Amino acid sequence: MYGGWMGKILRINLSSRKYREEKLSEELIRNYIGGRGFAVKILWSELKPKINPLSPENKVILATGPLSGTFSPSSGKLVVATKSPLTKGYGDGNIGGHISSSIKMCGYDAIIIEGKSNKPVYLYITPNSVEFKNADHIWGKGAIETDHILRKDHGNSIGTLVIGPGGENLVKYAVVITEYGRAGGRPGIGCVFGSKKLKAIVTEGWLDIPVVNLEKLINITRKAVDFLKKQSNYDKWVSQGTMAAIEWSQENAVLPTYNFQENVFEKYREIGGETMSKLYKIIRKACFSCPMPCGNIVRDKKYKIWSELDYENVAMFGPNLGIDNMDEISRLNYMADEYGIDAISLGNVIGFVIEAFKKGYIDETMTNGLKLKFGDPDIVFELMKMVTYRKGIGDLMAEGTRTMAEKLGGDTYKFAMNVKGLEITAYDSHSAPGMALAYGTSPIGAHHKDAWFIAWELKIGRDVVSREKVEKLVLMQRIRGGLFEILTVCR
Ligand code: SF4
């Protein structure tokens, strides 16, 4: 076997409660390398066409990359993939923390989960065994609370993937959560977990990762870390992480505001990276082997809740819903993680219903008497609960903006902000046509992890329309959605 690989895939069947180890084939390594490459190939080969994503026939793939578990910089990502219940096509996400390295240290390069359990279950995976554990005591609990319980039972050296009530109730954009606030799998990976009655995966590994030339790896890693730390914006990155993009998006008029109706937000300073780092941040957090920790753990002043903030979530619960208060945004962000629902899609869905209410497509009989308006965090919280437990209009909201627009009809499709059913991430592209094209051609729908073209576009000019611009866009999609996702390293 090559260095970097453990040489095994773990296949787990939840219906039969059996598992087996399979050899990682040379063909898979040479042609597909890892991460998204493995996931696409396995799903393409094994799923029958037209299956229902929430049926036992669907599978979930957890795929590491060749650098996972080594100390290569920022190599702690895991690709989680499935047939998406939201878009009905291939859907994946990547998730950080320590789960990817932990799977590798259990001896596996990828895990395939198939079938469906007849009662709530969680998996406990070590190099020695796979245990199917009763999850009755954690079913119904929040993802963050569940993570605490699992760590109490199994210790702190575990990797986790957990769903909240959103996944259990089959919210189509439910995610998996790790380490109290890192989310992944926007196209509904948490929903597919829920359909399989799979509450969590816990891994505890201790095996060494084979490396062909350790000395060379150490030298290259040292050089890479030195290079990163010398970058002029390194200090800002570790103090604000992606939150610095609030100010950047405001300056460049791409900050989604009032359901993408506007692209600047008057009170952006109150919720920006500067304010967050000076007044709210208490700890920095990093994924496995990352020298540029971007995790912003904050403690808000009103509710005293610890929450992990990043740009996308703050933009979608802040300006996009007209909310200018960091305490409230922090609480909403925490609850989205606890419910195990993608904050980006949720911010879109709530923005959509508020706009639909204002335009007369929805009335108070459909909202349990709520008068929907932008800028009210309590209304947003009520809607969030309705989505999570599929109450009232929350049942329709749980299907995503594309389905909502199909059901409500009229002109609602014009403000249902999605591509291929996946809600648009937090860059308004009305005045950035290259970014709009990148969203439109991204394979899984509107996701910045594949489509983040906007910084380059603003540098060369948003009004430029040229072959060179399109070629650059295709190249960047190949690098971001191809290379990075296959190597499972952070951008
Ligand atoms: S930059 Fe942030 S998300 Fe990326 S690996 Fe480092 S800590 Fe994780």
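What you see is a predicted model; the values in this text were computed from it and never measured.

Rules of the game
Residues numbered from 1 in each chain as written. Predicted model: local features only at pLDDT ≥ 70, side-chain atom pairs only at ≥ 80, totals over all residues. Heavy atoms only, no water. Helix = DSSP H or I, 4+ residues; strand = E, 2+ residues; numbered from the N terminus. Contact = heavy atoms within 4.5 Å. Domains from an automatic or database assignment. Buried area = accessible area lost by both parts, 1.4 Å probe. Salt bridge = Lys/Arg side-chain N within 4 Å of Asp/Glu carboxyl O. Polar contact = N/O pair within 3.5 Å; in protein donor to acceptor, adjacent residues only side chain to side chain. Nonpolar A, V, L, I, M, F, W, Y, C, P; charged D, E, K, R; others polar. Buried < 20%, exposed > 50% of the residue type's maximum accessible area, 1.4 Å probe, protein only. Arc of directions from axis to C-beta. Near = heavy atom within 4 Å. Phe/Tyr/Trp six-rings, centres within 6.5 Å; stacked < 30°, edge-to-face > 60°. Core = buried A, V, L, I, M, F, W, Y, C linked by side-chain atoms within 4.5 Å. Axes fitted to C-alpha atoms, helices over the stretch in contact; angles between N-to-C directions. Parallel < 35°, antiparallel > 145°, perpendicular 65-115°, else oblique. Left-handed = near helix turned anticlockwise from the far one by under 90°. Pairing = 2+ DSSP bridges.

J.: Please explain the environment of Cys 106 as it appears in this structure.
T.: Position of Cys 106 among the secondary structure elements: in the loop between helix H3 (99-105) and strand S6 (110-114). Taking the C-alpha atoms as reference, Cys 106 lies 4.0 Å from Gly 205; in sequence the two are 99 residues apart. Setting aside chain neighbours within four positions, we find Cys 106 in contact with Ile 125, Thr 126, Pro 127, Thr 203, Glu 204, Gly 205 and Leu 207.

J.: Help me understand the domain arrangement of the protein in this model?
T.: Under the domain assignment used here, the protein contains domain 1 (8-211), domain 2 (231-419) and domain 3 (433-482). The gap between the C-alpha centroids of domain 2 and domain 3 is 23 Å. Of the residues lining the interface, seven residues belong to domain 2; the matching set on domain 3 comes to nine residues. A per-residue breakdown of the area domain 2 buries against domain 3 is headed by Trp 248, Asn 252 and Val 419, which together make up 68% of the total. Seen at the junction of domain 2 and domain 3, the total is zero salt bridges. Applying the counting criterion to the domain 2 and domain 3 interface returns two residue pairs in polar contact (both at pLDDT 80 or more). Per-class residue counts for the side of domain 2 that touches domain 3 are five nonpolar, one polar and one charged.

J.: Before we go on, may I ask you to explain helix H17 (residues 433-441) in this structure?
T.: An α-helical turn contains 3.6 residues, so any two residues separated by three or four positions project in the same direction. Those residues of H17 not exposed but buried are Gly 434, Met 435, Ala 438 and Tyr 439. One face of H17 carries all of its buried residues, which in axial projection span an arc of 140 degrees. In this fold, the buried residues of H17 make contact with strand S16 (418-419), helix H18 (448-451), helix H19 (454-460) and helix H20 (467-487).

J.: I'm lost on the site of the ligand in this one. Help?
T.: What surrounds the ligand is the set Lys 77, Arg 182, Trp 237, Ala 286, Cys 287, Cys 290, Met 292, Cys 294 and Cys 490. By residue class, the composition of the shell around the ligand is seven nonpolar, no polar and two charged.

J.: What's the story with the packing of aromatic side chains in this structure? I'm lost.
T.: Aromatic rings in a pair are described by how distant their centres are and how their planes are angled relative to each other. Throughout the structure, instances matching the rule amount to 10 aromatic pairs. With a centroid separation of 6.3 Å and an interplanar angle of 70 degrees, the aromatic rings of Tyr 258 and Phe 265 are classed as edge-to-face. What makes Tyr 258 partly exposed here is its relative accessible area of 27%. Between Tyr 427 and Trp 452, the aromatic rings sit 6.1 Å apart at their centres with planes inclined by 70 degrees, giving edge-to-face as the arrangement.

J.: How should I be thinking about the pattern of salt bridges in this particular structure?
T.: In a structure, side chains of opposite charge can pair up when their charged atoms sit close to one another. One pass over the structure, following the stated rule, counts 35 salt bridges. Of the charged contacts in the structure, one is a salt bridge between Lys 8 and Glu 21, with a shortest N-O distance of 3.5 Å. Taken together, the residues span a long stretch of sequence, with Lys 8 in strand S1 (residues 8-13) and Glu 21 in strand S2 (residues 18-23) at a distance of 13 residues. The closest approach of N and O atoms between Glu 22 and Arg 20, which form a salt bridge, is 2.9 Å. Within this structure, Arg 11, Arg 20, Glu 22, Glu 46, Lys 59 and Glu 114 form a network of salt bridges that share partners.

J.: Got a minute to help me understand the nonpolar core in this structure?
T.: A general trend in soluble globular proteins is that nonpolar side chains are found buried together. Ile 246, Phe 317, Leu 346, Leu 383, Met 384 and Met 397 are the most contacted members of the largest nonpolar core, which has 80 residues in total. Here this core gets 10 residues from one element, more than from any other, and that element is helix H13 (residues 343-358). Setting aside residues no more than four positions away along its own chain, Phe 317 makes contact with Ile 323, Ile 329, Leu 332, Asn 333, Ala 336, Ala 343, Leu 346, Gly 347 and Met 384.

J.: Help me understand the packing of H13 against helix H14 (residues 377-388) in this model?
T.: In helix packing, the relevant descriptors are the interaxial angle and the interaxial distance, both defined with respect to the helix axes. H14 packs onto H13 with a crossing angle of 110 degrees between their chain directions and a minimal axis gap of 11 Å. In terms of orientation, H13 and H14 fall into the roughly perpendicular class. Both H13 and H14 take part in a crossing whose hand is right-handed. Residues Leu 346, Ile 350 and Val 353 of H13 form the contact with H14, whose own contacting residues are Val 380, Leu 383, Met 384 and Val 387. The residue inventory of the contact of H13 with H14, partitioned by class, reads seven nonpolar, no polar and no charged.

J.: So what exactly am I meant to see when it comes to the sheet that holds strand S13 (residues 281-285) here?
T.: Across a sheet, strands are paired by hydrogen bonds formed along the backbone, either parallel or antiparallel in direction. Overall, antiparallel pairing links the three strands, which are arranged S13-S14-S15 in an open sheet. The strands lining the two open edges of the sheet, one partner per strand, are S13 and strand S15 (306-309). Averaged over all adjacent pairs, the angle separating strand axes in this sheet is 30 degrees, with direction ignored. Bridge count between strand S14 (residues 295-299) and S15: four bridges; the pairing is antiparallel. In the strand pairing of S15, Val 298 is matched with Ser 307. Lying over the sheet, helix H12 (residues 326-339) contacts S14 and S15, oriented at roughly 90 degrees with respect to S15.

J.: Any chance you could explain the side chain of Asn 58 here in plain terms?
T.: Relative to the helices and strands, Asn 58 is located in the loop between helix H2 (35-46) and strand S3 (60-63). Engagement of the side chain of Asn 58 in a polar contact is seen with the backbone oxygen of Pro 53, the distance being 2.8 Å. Among the polar contacts listed, one links the side chain of Asn 58 to the backbone oxygen of Lys 83, at a separation of 3.0 Å. The residues touching Asn 58, leaving out its near neighbours within four places in the chain, are Leu 47, Ile 51, Asn 52, Pro 53, Thr 82, Lys 83, Ile 113, Glu 114, Gly 115, Val 192 and Lys 196.

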